[in-house]
Amino acid sequence: MYNIYFELAATGFTAILLLYLHIEYPKASENNKIYRQWVAWILAGQIVDVIASRMTDYGYMIPPILNILVNTVYFMVTAGCFFCLVRYLHSLVKGRFSDFYIRFLKVLCVIYVAFLIVNIFTGWLFTFDETGTYVHGPVYFLIYVLQILVIFMSIVLLLSYRKKLEKRQLAAIWLFMLIIVAGFVLQAGLFPKTLLVFYNFALAAMTVLFVMETPDYVKLTAALKDAAEQRKRADAANQAKSNFLANMSHEIRTPMNAIIGLDEMILREADRPKVRKFALDIRSAGNTLLSIINDILDLSKIESGKMELVPVEYDFSSVLNDIVNMTMKKAQEKGLTYELEVDPDIPSVLYGDEIRIRQIILNLTNNAIKYTAEGSVHVAVLWRKEDSRLIVSVRDTGMGIRPEDLDRLFSSFQRLDETKNRNIEGTGLGLNITKQLAEMMGGEVTVESVYGEGSCFTASMEQKVVCDTPIGDYTKHLEEAQSKNEEFRPQLVAPNARILIVDDNEMNLEVITELMRETEMKIRTAISGKECIAELEKNEFDLVFLDQMMPELSGTDTLKLLKQRHLCDNIPVIVLTADAIVGARDSYVKAGFTDYLSKPVMYPQLEEILMKYIDPSLILTQEQIEAEKNERAKEAEKDKPKVLVICDSTEKLNQAKALITDAYKGVFVKDEAQAEKYLKKHEVAFVIRDFKGEE
Ligand code: ADP
């Protein structure tokens, strides 16, 4: 007697499962429909299997043809069940290859069914004798060909398309395949009298149900997939936007170089106050534009995850000097009290990204000044030794921030209180960048504010200590630094220094040449990498400025060729680039450049580079400059045309002296006799006789 109890239990369960799916989730996805069909075939298989086994048990009481027919139906249902299994797998992976499988399997199923029908008449596969015993036919083994083929095909299908499936899907499918195979092995090998094949099929269907085909799970995965897709699209769009901003900003910096540089020329040359005022306005607007572009560049770097900190050893008091220099005057001009409180225990030399530290403190201080109409701005810098952090608090008595606006404060492009702030310049990027930079340094930015009374922004940044000697009384440092600033700054003059400037943009060449005019250096220019090489082959130079962005040979390519040909072995080569990105310097130095000068080129930075890299013996000392000036003045004096003035009183003499312009040299005599004497020995442009003066 066959043991049918497992199978019976599974039949009940499978029927309930189907009913539940049908009632609870009448709508099904394409996959789920095929899954339900598969479960329906399993249910049919279970029913037929129970009937067939019971009929075999009582075979002696039943005509053999009936048993043959029931078993034929059983094998047909098995075929349907296997076919549905592969269709289900195919619906999960869908591919050209798997389409072919399905077609192939259909043909196979038709042949299989045909064979089963032929078997009813021939008994080639199986038959039943008069006693109701099951008898194997001559090609009995063919009855299992379909099943074995299907299992083999399913394995190949899964292996070929495993990348299309999620890990948990794949795990569930392998598990259900294992359960199905186990059903066969157990029944065929160990327990031939226990019906396990369809029982295991039910177990497999259950595994699939819980992991992949619960309708809620299906909905969830569809939603997740959709969300992932949307996110991918949004990320791509965001990346495109960041790239666009970075490129645009880069492109804008190049013409800005010309604008700010040429404006500097106007400032140097212009005497008329109105023109100077216009030029100063251009300078200020240009600088504002540059800082906006820098903010956009920073933001796009942060958003694309490319922002990197460049830690260096730095002197903290020099960072403070810069901040005070850049903010104190602004606050005082607005009539605000500027208070600075510096913890004397801050270590004098720290290790961290100096430029970004300065940017954070500057941003908070500038905001405090910007958004405060009257009262004070208090900047306090503390050192928290326990966790090695710089704490900067900037407190103001400004307009404050509404509690409901605090959440939006650090979002990019968000400006608050727009009506009040309409006249205050800003983009709403600064605080976002500040916060992200502080976070990159293991710190944070917090804010406390009372609307209408003022705000206090606090930033913390982790920094390593290089030298723990405390900076001490900073105000003393500050006074020293300020008095140094007020000291006379020696002028850079080096008439014997030979400089080569290479840039494909003639306007830039003109700007830098003009900026350097007063250094009196011997300047040559080249408009391409090729020309640069030719110049260095022909002439000797003490320093080369080499633009990076040039058509054909870029700065880096040109440098490579120069190095190969040993044309710049002892010559500093400074790269000129609009990449104002922090970290750019390091990459250029790695590429072999001596240093880096960012565009738009400003005179102070340019002078700093020249001072640093030009052989000091070429730079004139202050005394030499003075001596040269005197010499030139004398020469000029000698060459001036002379005017001989005859005037008989001291009063007239003084008046005549005042009248003669710098273009002439005045020679003054009392009377005609003296005049005649002078004219015999010297040449004069003209003589003024009878000078009346103002009576
Ligand atoms: P921006 O100043 O360029 O507009 P920020 O990101 O620096 O951009 O600041 C965002 C907004 O936060 C500002 O527009 C302003 O409304 C508000 N804010 C920033 N600092 C202060 C402050 N100290 N007092 C009042 N409001 C401030």
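Before reading further, recall that the structure is shown in the block above.
Predicted, not measured: the structure shown is a model, and the values here were computed from it.

Before going further, it helps to examine the environment of Ser98. Considering the arrangement of structural elements, one finds Ser98 in helix α4 (residues 96-122). Leave out the neighbours within four places in its chain, and Ser98 touches His90, Val93, Leu157 and Tyr161.

Turning to the site of the ligand, a few remarks are in order. In the vicinity of the ligand lie 21 residues, with Asn367, Tyr371, Arg415, Thr427 and Leu431 positioned nearest. Here an oxygen atom of the ligand and a side-chain polar atom of Asn367 are 2.8 Å apart. In the model, a nitrogen atom of the ligand is placed 2.9 Å from a nitrogen or oxygen of the Asp396 side chain. About the coverage of the ligand: the protein hides 97% of its 530 Å² of free accessible area. Those elements that place two or more of their residues in the shell around the ligand are α11 (354-370), α13 (430-440) and β9 (454-462). Take the shell around the ligand: its biggest share by element is three residues, from α11.

Turning our attention to the environment of Leu245. Of note, Leu245 is situated in helix α8 (residues 215-269). Between the alpha carbons of Leu245 and Val687 there is a distance of 70 Å; along the sequence they are 442 residues apart. Ignoring any residue separated from it by four or fewer positions in sequence, one finds Leu245 in contact with Ile296 and Ser300.

Each pocket or cavity is described by its volume, and for the second largest pocket that value is around 590 Å³. Tyr2, Tyr74, Tyr140, Tyr144 and Gln187 are, among the 22 residues lining the second largest pocket, the residues nearest its centre. Elements represented by at least two residues in the lining of the second largest pocket include exactly α2 (30-57), α3 (64-93), α5 (145-160) and α6 (167-190). Here the residues of the lining of the second largest pocket sort into 15 nonpolar, six polar and one charged.

What follows covers the packing of aromatic side chains. Evaluated as defined, the whole model comprises 19 aromatic pairs. Ring plane angle 70° and centroid distance 5.2 Å describe the contact between Phe128 and Tyr134, whose orientation is recorded as edge-to-face. Ring geometry for Tyr134 and Tyr140: centres 6.4 Å apart, planes at 85°, overall edge-to-face. Judged by relative accessible area, Tyr134 falls into the partly exposed class, the value being 26%. Seen from the ring of Tyr2, Lys193 lies directly overhead, with NZ or CZ sitting 4.2 Å from the centre.

Cut-offs applied
Residues numbered from 1 in each chain as written. Predicted model: local features only at pLDDT ≥ 70, side-chain atom pairs only at ≥ 80, totals over all residues. Heavy atoms only, no water. Helix = DSSP H or I, 4+ residues; strand = E, 2+ residues; numbered from the N terminus. Contact = heavy atoms within 4.5 Å. Near = heavy atom within 4 Å. Polar contact = N/O pair within 3.5 Å; in protein donor to acceptor, adjacent residues only side chain to side chain. Areas by Shrake-Rupley, 256 points an atom, 1.4 Å probe, with all protein chains shown as cover. 1 Å grid on protein atoms, 1.4 Å probe; cavity = no way out; pocket = protein on both sides within 12 Å on 5 of 7 lines; lining within 4 Å. Points joined across faces, edges and corners; volume = space filled by probe spheres on them. Nonpolar A, V, L, I, M, F, W, Y, C, P; charged D, E, K, R; others polar. Phe/Tyr/Trp six-rings, centres within 6.5 Å; stacked < 30°, edge-to-face > 60°. Buried < 20%, exposed > 50% of the residue type's maximum accessible area, 1.4 Å probe, protein only. Lys NZ or Arg CZ within 6 Å of the ring centre and 35° of its normal.

By themselves, these figures tell us nothing about what the structure is for.
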